[in-house]
Amino acid sequence: MKKYSKLIIAAIIALIFIGTFVFLWQKSLPKEIVYNEFTPKTEDIKKTTIITGKIEPRNEVNVKPQISGIITELYKDPGDYVNAGDVIAKVKVIPDMGQLSSAESRVRLAEINLKQAEVDYSREENLHNQKLVSDDEFDKSRQALKQAKEEKAAAVDALQVVRDGVSQSNAKASSTLIRSTISGVILDIPVKVGNSVILANTFNDGTTIATVANMNDLIFRGNIDETEVGQLVGGMNMKITIGALQDLSFDAALEYISPKAVESNGANQFEIKAAVKLAEGGKIRSGYSANAEIVLASASKVLSIPESAIEFSGDSTFVYIVKGDGKQKTYERKQVTTGLSDGVNIEIKKGLSAKDKVRGPEIVAEEKEK
């Protein structure tokens, strides 16, 4: 029994040794190199580039107050549509004490002058009735009275404007009512009731009450690299895609290319703008991130092969044409003239026909197993 056990163990060891030897021998044998093969085909080739940017209104207006004061009422909300002249907010005036004092003094002086003009007119009227003064002298006193009345009315109006921001004579054009200067959608109202606001002057831009824009006139704004900007011309068509809206896409027309580059991440880029062509009833919001695809060059119905089958050597390009079949297969190196490439396929202008078969890159082990 022990004798048989020893024989079995020896046989197992021998089989393991032989198996290992055979495995290592097979692994040491040179592997057959297998290549992909391609047949040239006729197709359209387009060289495109993708430009990142955003959608924004062509005209975005900041509505500012004509007077300084405090917001007392807001009549609109962001997203509301307004026509030019619609009231957005109301401002309560906080008068300047120096201007208020001057306006009050002007009213008092106007009242004194008016009382004196009334006395003079009454005296001249009595004398005129008695034929003691000429018509010319009486007309002068009457004119002086009218001027005194106008001066008092103007002084009262000025006081009301300084104190209240509005006078009885210009109530419809009140500067306390902040009106939209254009028709469009309110994008933002950065103030709240109770906030102080100031008018624009030499030293500051003033407080923005609201931002209004025409959302039916949108543009795409982005930057393109200096290596590609030379291929752009005004009027080129672009395809805009907004990823946030389930890949919504629409057309646009290039209308502006900046004459000056700006540096971004170490590269020179040029700003471009394109007029967006919205579909009927399209709902696009300002500031959406978008990608613009633009065709820089195209070739229609040309002979092409995958660019991976091309061998580049200096300024020349070569392919390997398949000769024979099976184990007798050989590859003939041949120079070709290439044209436009889209990064995957490349145009063959000369050196190949549609009947040729071209060697591609080597098939790796993973591809062989599939």
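Keep in mind that what you see is a predicted model, and the values were worked out from it rather than measured.

Student: With reference to specific residues and values, describe the overall build of the chain.
Tutor: Scanning the chain from N- to C-terminus turns up five helices and 20 strands. Out of the 370 residues in the chain, the part that is buried amounts to 31%. Summed over its atoms, the accessible surface of the chain is roughly 24,100 Å², and 51% of this surface lies on carbon and sulfur atoms.

Student: Can you lay out unusual backbone geometry for me, pointing to particular residues and giving the numbers?
Tutor: The phi dihedral of Asn265 falls on the positive side, at around 55°, and the residue is not glycine. Looking at where Asn265 falls in the secondary structure, it is placed in the loop between strand 13 (248-264) and strand 14 (267-277). Note on Asn265: relative accessible area 82%, which makes it exposed.

Student: Report on the nonpolar core, specifying residues and quantitative values.
Tutor: In this structure, Ile51, Ile55, Phe220, Leu232, Met238, Ile240 and Ile272 are the most contacted members of the largest nonpolar core, which totals 26 residues. Secondary-structure elements contributing two or more residues to this core are strand 2 (41-57), strand 11 (218-225), strand 12 (237-242), strand 13, strand 14 and strand 15 (289-306). Excluding anything up to four places from it in sequence, Met238 contacts Ile51, Phe220, Phe250, Asp251, Ala252, Leu254, Ile272, Ala274, Ala292, Glu293 and Ile294. The next biggest cluster of nonpolar side chains, apart from the first, holds 16 residues, and it includes Val63, Ile178, Ile189 and Ile209.

Student: I'd like to hear about the sheet that holds strand 3 (residues 60-63), residue by residue, with values.
Tutor: Here we have four strands laid out as an open sheet, ordered 3-10-8-5, and antiparallel in their pairing. Two strands lie at the open edges of the sheet, namely strand 3 and strand 5 (81-82), each paired on one side alone. For strand 5 and strand 8 (residues 184-188), the ladder comprises two bridges, and the chain directions are antiparallel. Residue pairing in the sheet places Tyr81 in a bridge with Val185 of strand 8.

Student: Outline the packing of aromatic side chains, listing residues and values.
Tutor: Per the stated rule, a full pass over the model turns up zero aromatic pairs. Sitting over the ring of Tyr256, Lys273 keeps its end group 5.1 Å from the ring centre. Note that Arg359 overlies the ring of Tyr320, its terminal NZ or CZ placed 4.2 Å from the centroid.

Student: Residues and numbers for the environment of Glu137, please.
Tutor: Positionally, Glu137 belongs in helix 3 (residues 135-164). Owing to a relative accessible area of 39%, Glu137 belongs among the partly exposed residues under this scheme. Sequence-wise, Glu137 and Glu124 are 13 residues apart; in three dimensions their C-alpha atoms are separated by 7.8 Å.

Student: Would you mind going over the sheet that holds strand 7 (residues 177-179) in detail, with residue names and values included?
Tutor: Here four strands make up an open sheet; going across it, the order is 7-6-4-9 and the pairing antiparallel. Whereas interior strands pair on both sides, the edge strands pair on one side only; in this sheet they are strand 7 and strand 9 (196-197). Here strand 4 (residues 69-74) pairs with strand 6 (residues 87-93) via five bridges, running antiparallel. The residue of strand 6 that forms the bridge with Leu74 is Ala89.

Student: Describe the pattern of salt bridges, listing the residues and the values that go with them.
Tutor: With the rule as written, the count across this model stands at eleven salt bridges. Overlapping salt bridges, with partners in common, bring together Lys54, Glu56, Arg221 and Glu271 in one network.

Student: Tell me about the pairing of strand 4, residues and numbers included.
Tutor: As paired elements, strand 4 and strand 9 share two bridges and run antiparallel to each other. Its bridge partner being in strand 9, Ile70 is matched across the sheet by Ser196.

Student: Which residues make up the side chain of Thr49, and what values do they have?
Tutor: Position of Thr49 relative to the elements: it lies in strand 2. At a separation of 2.8 Å, a polar atom in the side chain of Thr49 contacts the side chain of Glu228. Setting aside residues no more than four positions away along its own chain, Thr49 makes contact with Ile224, Glu228, Ala292, Glu293, Ile294 and Leu296.

Student: Report on a nonpolar patch on the surface, specifying residues and quantitative values.
Tutor: A surface patch of nonpolar side chains, amounting to about 300 Å² of accessible area, comprises Ile8, Ile12 and Ile16. Summarising the element assignment, Ile16 is placed in helix 1 (residues 2-28).

Student: Describe in detail the environment of Gln66, supporting the description with residues and values.
Tutor: Summarising the element assignment, Gln66 is placed in the loop between strand 3 and strand 4. Measuring from C-alpha to C-alpha, the distance between Gln66 and Thr207 comes to 9.9 Å, with 141 residues separating the pair along the chain.

Cut-offs used in this document
Residues numbered from 1 in each chain as written. Predicted model: local features only at pLDDT ≥ 70, side-chain atom pairs only at ≥ 80, totals over all residues. Heavy atoms only, no water. Helix = DSSP H or I, 4+ residues; strand = E, 2+ residues; numbered from the N terminus. Buried < 20%, exposed > 50% of the residue type's maximum accessible area, 1.4 Å probe, protein only. Areas by Shrake-Rupley, 256 points an atom, 1.4 Å probe, with all protein chains shown as cover. Core = buried A, V, L, I, M, F, W, Y, C linked by side-chain atoms within 4.5 Å. Contact = heavy atoms within 4.5 Å. Pairing = 2+ DSSP bridges. Phe/Tyr/Trp six-rings, centres within 6.5 Å; stacked < 30°, edge-to-face > 60°. Lys NZ or Arg CZ within 6 Å of the ring centre and 35° of its normal. Salt bridge = Lys/Arg side-chain N within 4 Å of Asp/Glu carboxyl O. Polar contact = N/O pair within 3.5 Å; in protein donor to acceptor, adjacent residues only side chain to side chain. Patch = residues over 30% accessible without salt bridge, like charges linked within 9 Å, V, L, I, M, F, W, Y side chains within 5 Å.

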